[in-house]
Amino acid sequence: MTSDVKEIFSNDSPPAPAALAAKVRTLAPSMTRSMQLVAEAVAGDPAGCAALTVTGLAERTGTSEATVVRTARLLGYPGYRDLRLALAGLAAHQESGRAPAVTADIAVDDPIADVVAKLAYDEQQTLADTAAGLDTVQLGAAVAAASTARRIDIYGVGASSLVGQDLAQKLLRIGLIAHAHMDPHLAVTNAVQLRSGDVAIAITHSGSTGDVIEPLRVAFDHGATTIAITGRPDGPVSQYADHVLTTSTARESELRPAAMSSRTSQLLVVDCLFIGVAQRTYETAAPALAASYEALAHRHTPRTR
């Protein structure tokens, strides 16, 4: 799949206003600095920017009209007029909806009650952003490939490896052959064995983790269907991915770097993928899941003598 961000996020219709903020957060790191200024302005003050002409927004951000139009198109809108309509809709939603009472900027001396409130809000926002930005066409294609796969290999390191293990054990319980590889050497040697009809899934927030990209590349070269779950759809991992599933990330803090905060959105995407596979394989998945529950039932019930 091409690594061009515009192509990854292009849709037949512009994104809904609620998805605008999520797209800005996801795409901003890959934008030029001038485009970031425009994106930050529209996300930070949708009502104010909705009232501006393309010239007015260019002047406000110290950029050019061409930059404003390019930013609008990168965000998924045919032109600036469509972006203004989305901004007006987002502003109305914010006014009538729930404005956050807290931010996710956790300080080292925050009371634990504030930490709970901030994390709860931040994770809710991360999940909403991920759901809004997830390409359901790409997700459907990934589900179709995994549902008929002879074998599914999953690659991840660090926090992403925990997500990979979660997906593997879910797939195993519905009768599919799935393995999560944390050792990069074993990941590559297993990827060599993959063929057409197999699926390889790489999980990397940064999109540039070498120990994850290498086995995905090997699997890609050997004909397997490849899937990337990443917060950076323009990253190197997308070069070897047939399907890209994009995650959002909670705002970073000193106590919560991206590698940790990305786990929430990755788990949502993994669950969406798993449920889709379970739906498509229901006739075999349901009995397999029931059998796994039955096999473990005695471990959760006190034994009687």
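Residues numbered from 1 in each chain as written. Predicted model: local features only at pLDDT ≥ 70, side-chain atom pairs only at ≥ 80, totals over all residues. Heavy atoms only, no water.

Draft legend 1. View of the pairing of strand β4 (residues 225–230). With five of six residues buried, β4 is to be regarded as a mostly interior element. In the sheet, strand β3 (residues 199–204) pairs with β4 via six bridges, with the strands oriented parallel. If you follow I203 over to β4, its bridge partner there is I229. For the crossover from β3 across helix α12 (residues 210–221) to β4, the handedness is right-handed. With four bridges connecting them, β4 and strand β5 (residues 243–246) associate as parallel partners. Looking at β5, one finds that T230 is bridged to T246. (Buried < 20%, exposed > 50% of the residue type's maximum accessible area, 1.4 Å probe, protein only. Helix = DSSP H or I, 4+ residues; strand = E, 2+ residues; numbered from the N terminus. Pairing = 2+ DSSP bridges. Right-handed = clockwise from strand over helix to strand, strands pointing away.)

Draft legend 2. A look at the sheet that holds strand β1 (residues 152–155). Read across the sheet, five strands follow the order β2-β1-β3-β4-β5 without closing on themselves; strand pairing throughout is parallel. Strand pairing shows two members of the sheet lacking a second neighbour, β2 (178–181) and β5, which therefore form its edges. Mean inter-strand twist for the sheet, computed between neighbouring axes without regard to direction, equals 15 degrees. Examined bridge by bridge, β1 and β2 share four bridges and lie parallel to one another. Within β2, the residue paired with Y155 across the bridge is H181. Packing against the sheet, helix α9 (residues 136–147) makes contact with β1, β3, β4 and β5, and its axis sits at approximately 120 degrees to β5. The sheet strands contacting helix α11 (residues 184–191) are β1 and β2, and the helix crosses β1 at an angle near 150 degrees. (Axes fitted to C-alpha atoms, helices over the stretch in contact; angles between N-to-C directions. Contact = heavy atoms within 4.5 Å.)

Draft legend 3. Spatial organisation of the confidence of the model for the protein chain. With 84% of its residues at a pLDDT of 70 or more, the protein chain has an overall mean of 85. Mean pLDDT across the elements of the protein chain bottoms out in helix α1 (residues 5–9) (39) and peaks in β1 (98). Low pLDDT, under 50, characterises residues 1–12; the predicted model gives this stretch 33 contacts beyond four residues in sequence or across chains. Taken as a whole, residues 99–103 scores under 50 in pLDDT and shows six contacts with residues more than four places along the chain or in a different chain. (pLDDT = per-residue confidence, 0-100.)

Draft legend 4. A look at the packing of aromatic side chains. On inspection of all chains with the given rule, the structure shows one aromatic pair. Residues F220 and Y240 carry aromatic rings whose centres are separated by 6.1 Å and whose planes lie at 70 degrees to one another, so their mutual orientation is edge-to-face. In this pair, F220 is assigned in helix α12 and Y240 in the loop between β4 and β5, connecting sequence segments 20 residues apart. For the cation-ring pair, R173 lies above Y293, with the distance from its terminal atom to the ring centre recorded as 4.8 Å. (Phe/Tyr/Trp six-rings, centres within 6.5 Å; stacked < 30°, edge-to-face > 60°. Lys NZ or Arg CZ within 6 Å of the ring centre and 35° of its normal.)

Draft legend 5. Up close: the environment of R70. Tracing the backbone shows R70 in helix α6 (residues 65–74). According to the relative accessible area criterion, R70 is partly exposed, its value standing at 46%. Separated by 35 residues in sequence, R70 and M35 place their C-alpha atoms 7.8 Å apart.

Draft legend 6. Examining the side chain of K170 more closely. Along the chain, the position of K170 falls in helix α10 (residues 159–173). Looking at K170, its side chain comes within polar contact range of the side chain of D271, at 3.4 Å. Apart from residues no more than four positions distant in its own chain, K170 is found in contact with D271 and F274. (Polar contact = N/O pair within 3.5 Å; in protein donor to acceptor, adjacent residues only side chain to side chain.)

Draft legend 7. Layout of the pattern of salt bridges. Scanning the model with the defined rule gives seven salt bridges in all. For R60, the salt bridge is made with D45, and the minimal N-O distance between the two is 3.1 Å. Of the two residues, R60 is situated in helix α5 (residues 54–61) and D45 in the loop between α3 (33–44) and α4 (46–50); the sequence distance between them amounts to 15 residues. R150 is the partner of D198 in a salt bridge, and the nearest nitrogen-oxygen pair spans 2.8 Å. Of this pair, D198 sits in the loop between α11 and β3 while R150 sits in the loop between α9 and β1, and the two are 48 residues apart along the sequence. Taken together, the salt bridges that share partners define one network made up of D166, K170 and D271. (Salt bridge = Lys/Arg side-chain N within 4 Å of Asp/Glu carboxyl O.)

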